[in-house]
Amino acid sequence: MGSRGVESVVGPEWVDEDLLAGEDTEICLVLDSPIDRITLRRLVGERQARLAAAGLSRGGSVALRLPPSLSYVVNLLAAWRIGAQVTLLDHRLTAHEIDRALERVLPQVVVAPEKVGGGALRAFVDVVESVRPYPGRPATTDHAVIQLSSGSTGPSKVIGRTAANLVAEIERYTRIDGVPLPGERVVLLASMVHVLGLVGGLLYGLHAGVELVLPGRMTVDGILKAVAAGDAPTTLIGVPFHIELLASTNEPPKLPQLKRMTTGGELVRPEVSAAFVDRYDAILGNMYGMTEVGVIGTDLYGAHRPSIRPAPGIEVAERDGELWIGMPASPYLGLSDPTRWVDGWLCTKDAGSVDPATGLVTVRGRNDSQVSVGGLKVDLTEVEHTLAALPGVAAAVVVHAAGIEAYVQLGDPSAAAGLEGALAERLAPFKRPKTLHLVRELPRTATGKLVRDAAQLRGAAPADEA
């Protein structure tokens, strides 16, 4: 791939040049069965004709609300090949949320499932899609993809990225030591609708000649079966939820082809990281990124945990304990917080530091996780990790409202009685939650992140709170 900058103009031909090019017989995707490049090119061409027949043309706009599937991949590539702007809507959103999203982005065409085959916990499904007009408008910007942020701390933001920006990120991946190499395999656990799975999985894999595998079922057995199905060096790409899932099994089979797992999203608790490495004898790498930017930094060898090294071409700065990323233009469409992008710098809203000697970046979590209790600073992330590590706790979220509040999902109901005593042994009094809410299941975003919006958490708490 050439060195095209973010500010250059990239036309629809990037799909053929950077994603679909390659030997006809090369296997690029594995779902229920392997798909080679000549088949993928044929399917993309067929979907391109269907979208064009529905009125989609260069400069037009389309929304995809498809689950992980071959249909999702070919419709996405076909729309980009036309030169249209694509809005990606997570298939797990409710009808009400979908309607609100469509009212915000106003596409001309909506591609949605007509019929879905496959059971629960499927990592991908068989989809027969419908292509329908929507009373929207052509694209008003030159963005190739529109995404809605995951909304883990509040309402989602509308974020746009150009084709040149996506090409630049793919190129950035090729220059990172430790990414999967041509001829290797990726078992993708992260959603292809969101940035890690979309660019780090699907787009980079197609460009680099990496075989992309989606497990038949998103269970421990299903994931390990997908790894064992090939002999080539294999990388797992997922989020902390997947690490916790895989680390929960005590005696997994020997998988010599499992090279590493790369995780993005929230910070992983040290005890979970250690359990994964111990069970699988594989490297656990870390990746830090944002929907607005893509990959920002990595530690793919687990050498600097919890720090990361900025990805090639990415500039990270620290201002008053907060991380900022150099970015020539605002990624936001419509109304947005004017403090998020200022004079060529994007505020991550993450607390962290940059070591002036090594350039390593330490990410400490959301900046709003630092609160003051009686004049004393408390890091809610520390409280949350301490609580989540207690025996019998499946997951926990700690927020600050009238005081420190914890929402706890138990794996073992009998553990409820001992929570307060266990916390008293591990945390100073001013750090302990004022209230513990026991919930059946903690809400998560579409990317698997735990929701930290107080209103949503309160809705999840049952009447008989502890």
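Remember, it's a predicted structure, so these values are computed and weren't measured experimentally.

### Section: the environment of L76
Consideration 1: Note on placement: L76 falls in helix α3 (residues 70-82).
Consideration 2: Separated by 28 residues in the primary sequence, L76 and Q48 place their C-alpha atoms 9.5 Å from one another.
Consideration 3: When near neighbours in sequence (up to four residues on either side) are disregarded, L76 contacts L64, V86, L88, L198 and L202.

### Let's talk about the side chain of T348
Consideration 1: With respect to the secondary-structure elements, T348 resides in strand β19 (residues 345-354).
Consideration 2: T348 sits in the buried class, given a relative accessible area of 1%.
Consideration 3: A polar contact is formed between the side chain of T348 and the backbone oxygen of L323, at a distance of 2.7 Å.
Consideration 4: Engagement of the side chain of T348 in a polar contact is seen with the backbone nitrogen of D350, the distance being 3.0 Å.
Consideration 5: Excluding residues that lie within four positions of it along the chain, T348 makes contacts with Y288, M290, L323, I325, R340 and R366.

### Side note on helix α6 (residues 195-208)
Working note: α-helix, 3.6 residues per turn, so residues spaced by three or four point in the same direction.
Consideration 1: Extensive coverage of α6 is indicated by the burial of 13 of its 14 residues.
Consideration 2: Note on α6: the residue one or two positions beyond its end, G209, has a positive phi of about 80 degrees.

### Concerning the sheet that holds strand β23 (residues 393-400)
Consideration 1: The 3 strands are arranged β23-β24-β25 in an open sheet whose pairing can be described as mixed. Each edge of the open sheet is held by one strand with a lone partner, namely β23 and β25 (435-439). Pairs of neighbouring strands in the sheet enclose a mean axial angle of 20 degrees, with direction left out of account.
Consideration 2: Bridge count between β23 and strand β24 (residues 404-410): 7 bridges; the pairing is antiparallel. Bridging from a neighbouring strand, H400 pairs with I404 of β24.
Consideration 3: Its contacts with the sheet place helix α11 (residues 419-426) against β23, β24 and β25, and it is angled at close to 130 degrees to β25.

Conventions used here
- Residues numbered from 1 in each chain as written.
- Predicted model: local features only at pLDDT ≥ 70, side-chain atom pairs only at ≥ 80, totals over all residues.
- Heavy atoms only, no water.
- Helix = DSSP H or I, 4+ residues; strand = E, 2+ residues; numbered from the N terminus.
- Contact = heavy atoms within 4.5 Å.
- Buried < 20%, exposed > 50% of the residue type's maximum accessible area, 1.4 Å probe, protein only.
- Polar contact = N/O pair within 3.5 Å; in protein donor to acceptor, adjacent residues only side chain to side chain.
- Pairing = 2+ DSSP bridges.
- Axes fitted to C-alpha atoms, helices over the stretch in contact; angles between N-to-C directions.

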